[in-house]
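Take a look at the letters that make up each chain.
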Amino acid sequence: MEQPDTYRAGPDDSGHFGIYGGRFVAETLMPLILDVERTYEEARNDAAFAAEMGHYLSKYVGRPSPLFFAERLTRHLGGARIYFKREDLNHTGAHKINNCIGQGLVARRMGKTRIIAETGAGQHGVATATVCALFDIPCVIYMGSRDIDRQAPNVFRMKMLGAEVKPVTAGSGTLKDSMNEALRDWVANVETTYYLIGTSAGPHPYPAMVRDFQCVIGEEVREQITDAEGRLPDTLVACIGGGSNALGLFHPFLDEKNVRFVAVEAAGKGVETGQHAASLGAGSPGVLHGNRTYLLQDSNGQVEEAHSISAGLDYPGIGPEHSWLHDTGRVEYVSITDAEALEAFHLCTRLEGIIPALETAHAIAQVGKMAGVLGADNLLVVNLSGRGDKDLDTVARASGIGL
Amino acid sequence: MPETRIDRRFAVLRRENRGGLVVFVTAGDPDPRTSAEILRGLPAAGADFIELGMPFSDPMADGPAIQMSSQRALKSGATLKTTLELVADFRQRDSETPIILMGYYNPIYIFGVDAFLSEAKAAAVDGLIIVDLPPEEENEICLPSRMAGIDFIYLTAPTTDEIRLPRVVKNASGFVYYVSITGITGTASARIEDVRKAVERLHRHTDLPIAVGFGIKTPEQAAGVAAVADAAVVGSALIGKVTENLDEDGKARPGLTNAVLDFTAELAKGVRGARVKGAA
């Protein structure tokens with residue numbers, strides 16, 4: 001594949017990253033999606049919007065999030081100097097809130113009076129419910145019934161914040177099915193409702209808009225690592241479900257030729273078992289949920305169910321920009337199993353006193369594999385995308401610990 | 001351009017001064033044999049057009065009835081290939097009833113657009129309705145299908161405004177499908193007065209016939225819509241007759257096909273009497 005001059009110019013006017021992305025939605029939604037695009041374009045060129053965004057990010061979310069030198073983990077692994085970008089310290093405990101503040105402001109600008117969202121691990125649901133409480137907008141969250149079972153604390157949080165949590169029993173009762181249900185709700189309530197998508201996927205302009213709202217992560221890292229080490233990082237690592245925390249970290253650096261990017265998919269019980277969520281590692285291009293992207297699907301184009309111990313990575317697709325970055329070779333895509341992620345979860349907790357989300361534990365496990373091979377002069381930043389309080393039940397069960 | 005089956009059928013309807021009945025069934029629901037049996041019986045029961053659903057794992061624009069029907073079909077082995085075989089089988093017995101395939105893009109994309117169009121043409125498919133392909137994505141299959149001589153039928157919705165309508169109907173052919181509610185299939189029903197106004201609005205932008213669907217559940221509602229539009233589409237309610245005639249294991253009970261065809265006949269009766277009543 002031909003290499004572009006810049007990796008930061010996408011999407012094109014029709015919302016495509018190479019062949020990926022686009023607007024594959026029902027006509028009923030098209031006028032609204034064009035309206036979202038118009039509103040977002042105006043907003044991002046409006047100094048007042050930027051000021052409002054900046055206000056909430058600093059005073060409400062608590063940005064900038066720290067860049068922490070993980071000294072014990074660095075010593076333990078015996079290689080690269082490892083830094084944690086502490087998105088887990090954001091209000092609501094993950095990077096998701098960056099996007100929710102941004103889209104909440106877009107929804108308000110459009111005059112929408114109701115917000116819906118899908119959620120897997122519940123982090124996006126909590127962040128959405130939080131912003132809806134703050135902005136006084138009624139909120140409905142679609143969540144797979146299986147995810148409701150394994151992420152009970154987040155379900156309770158959403159309810160306390162005033163959101164209505166609607167269980168989705170269709171399909172496998174996970175993120176994909178919640179997204180179907182949210183789209184059905186949106187079609188039926190298109191006049192009043194804004195769909196606040198939680199990751200850099202869906203129809204244009206969502207993949208670009210969500211990425212832009214998450215780019216604050218990488219922009220801060222650029223300043224912070226320069227302050228700490230006097231230069232740019234060598235290696236950036238992040239986990240990917242839909243891929244927004246990875247894009248937020250990577251995107252500001254994509255044109256830095258000496259920076260290496262590693263994105264970590266969920267290998268579930270192992271890619272060879274068929275029970276995984278590695279869309280890029282084991283999938284093929286297809287069309288689902290408004291965009292063309294890599295999907296887990298059978299030879300007839302029926303979408304398959306994903307599997308991961310982490311509800312937030314349990315999705316058979318991936319944001320379209322990642323599909324393009326995959327094909328261009330600019331980002332390396334690898335995968336980590338449930339068991340490896342669990343081990344990394346415990347390692348991070350014991351060595352650094354930081355309980356990471358199971359999603360994040362996939363990225364840490366990959367760091368564990370890589371760090372020793374890299375030299376001590378290699379500066380590695382891993383996105384600590386979320387905290388793990390929500391996962392304690394799952395981890396206790398999987399590790400055979402009684403609570 | 002030679003006259004198509006869809007054009008010929010609308011010409012017949014104009015001569016008979018009535019609106020048409022479009023019925024939707026899912027290919028392979030609840031099993032291949034029953035599905036073929038239903039399909040063969042539909043023209044005699046009074047269906048003027050058949051919309052044949054191409055089952056998909058994630059039917060985002062559909063309500064529970066069609067979701068379940070899609071799942072049943074997939075479970076009984078339906079694929080795009082078996083759907084095309086079903087059409088070919090039907091064509092051996094009926095050369096005039098138009099068949100329009102309706103569904104989502106991914107199975108076609110994976111099959112390969114060119115291969116799909118040539119096999120669809122060979123099976124005598126007359127038109128395509130692909131829910132998740134708005135005009136913004138017309139290069140995917142809308143333009144290729146017109147080149148291949150298969151009509152591409154666009155959906156319009158209450159949200160499709162005056163500025164957007166010309167863009168939507170620009171490359172439309174066969175007929176234009178008006179989604180009469182903002183919502184998914186098989187849920188709310190539109191008021192006839194709103195449908196009438198919408199059809200008038202659409203006719204200001206296109207000479208193509210207008211078929212109206214979503215939320216039409218009874219012979220009376222079908223008659224009401226057929227009095228003000230060129231055709232009325234019934235899907236979920238008909239699928240309801242399939243669902244009502246399944247046993248505990250989800251297998252077809254003996255009377256299933258007749259139940260579907262009897263309901264089709266009731267709908268057809270309603271539609272056929274509509275204009276006479278409507279003229280009074």
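Residues numbered from 1 in each chain as written. Chains lettered and ligands numbered in written order. Predicted model: local features only at pLDDT ≥ 70, side-chain atom pairs only at ≥ 80, totals over all residues. Heavy atoms only, no water.

Colleague: Sorry, what's going on with the overall build of chain B here?
Modeller: Scanning chain B for helices and strands turns up twelve helices and nine strands. The globule rule puts the C-alpha radius of gyration for 280 residues at 19 Å, and the 17 Å found for chain B is close to it. A principal-axis box enclosing the C-alpha atoms of chain B has dimensions of 50 × 45 × 35 Å. Here chain B holds 280 residues, and 61% of them are scored as buried. About 10,900 Å² of surface is accessible on chain B, with carbon and sulfur atoms providing 53% of the total. Measuring between centres, the 31 positive side-chain charges of chain B sit 4 Å from its 37 negative side-chain charges. (Helix = DSSP H or I, 4+ residues; strand = E, 2+ residues; numbered from the N terminus. Rg over C-alpha atoms; globule rule 2.2 N^0.38 Å. Buried < 20%, exposed > 50% of the residue type's maximum accessible area, 1.4 Å probe, protein only. Areas by Shrake-Rupley, 256 points an atom, 1.4 Å probe, with all protein chains shown as cover. Lys, Arg positive; Asp, Glu negative; His and termini not counted. Charge placed at Lys NZ, Arg CZ, Asp CG, Glu CD.)

Colleague: Hey, could you run me through the side chain of Ser145 of chain B in this one?
Modeller: All names here are of chain B. Structurally, the position occupied by Ser145 is in helix 7 (residues 142-147). A relative accessible area of 0% places Ser145 in the buried class. Discounting residues that sit within four places of it in the chain, Ser145 has contacts with Leu117, Leu128, Ile150, Asp151 and Phe152. (Contact = heavy atoms within 4.5 Å.)

Colleague: Would you take a moment to explain helix 3 (residues 64-75) of chain B for this structure?
Modeller: Because an α-helix packs 3.6 residues into every turn, residues spaced three or four apart end up facing the same way. An ideal rise of 1.5 Å per residue puts 16 Å on twelve residues; helix 3 of chain B measures up with 16 Å between its terminal C-alpha atoms. Here helix 3 of chain B has its buried residues at Ile66, Gln67, Ser69, Ser70, Arg72 and Ala73 of chain B. The inward-facing, buried residues of helix 3 of chain B contact helix 8 (175-188) of chain A together with strand 1 (20-26) and helix 11 (236-244) of chain B. Gly77 of chain B lies just past helix 3 of chain B and shows a positive phi near 100 degrees. (Expected span 1.5 Å × (residues − 1).)

Colleague: Please explain the pattern of salt bridges as it appears in this structure.
Modeller: Two side chains carrying opposite charge are able to pair once their charged atoms lie near each other. Going through the model one piece at a time under the given rule, you end up with 45 salt bridges over all chains. In this structure, the salt-bridge partner of Glu229 of chain A is Arg81 of chain A, at a minimum N-O distance of 2.8 Å. Here Arg81 of chain A lies in strand 4 (residues 81-85) and Glu229 of chain A lies in helix 10 (residues 216-229), a separation of 148 residues in the sequence. On the accessibility criterion, Glu229 of chain A (25% relative accessible area) is partly exposed. One salt bridge connects Glu37 of chain B with Arg33 of chain B, and the closest N-O pair in it is separated by 3.3 Å. Of the two residues, Glu37 of chain B and Arg33 of chain B both sit in helix 2 (residues 32-45), four residues apart, roughly one turn of that helix. Look at Arg33 of chain B and you get exposed, because its relative accessible area is 61%. (Salt bridge = Lys/Arg side-chain N within 4 Å of Asp/Glu carboxyl O.)

Colleague: Hey, could you run me through the sheet that holds strand 8 (residues 193-195) of chain A in this one?
Modeller: Within a sheet, adjacent strands bond to each other through the backbone by hydrogen bonds, running parallel or antiparallel. Residue and element names in this part refer to chain A. Spatial strand order, 7-6-5-8: four strands in an open sheet with parallel pairing. The open sheet has two edge strands, strand 7 (164-168) and strand 8, and neither has a second partner. Averaged over all pairs of adjacent strands, the angle between their axes in this sheet comes to 25 degrees, without regard to strand direction. Alignment of strand 5 (residues 114-119) against strand 6 (residues 139-144), held across five bridges, turns out to be parallel. (Pairing = 2+ DSSP bridges. Axes fitted to C-alpha atoms, helices over the stretch in contact; angles between N-to-C directions.)

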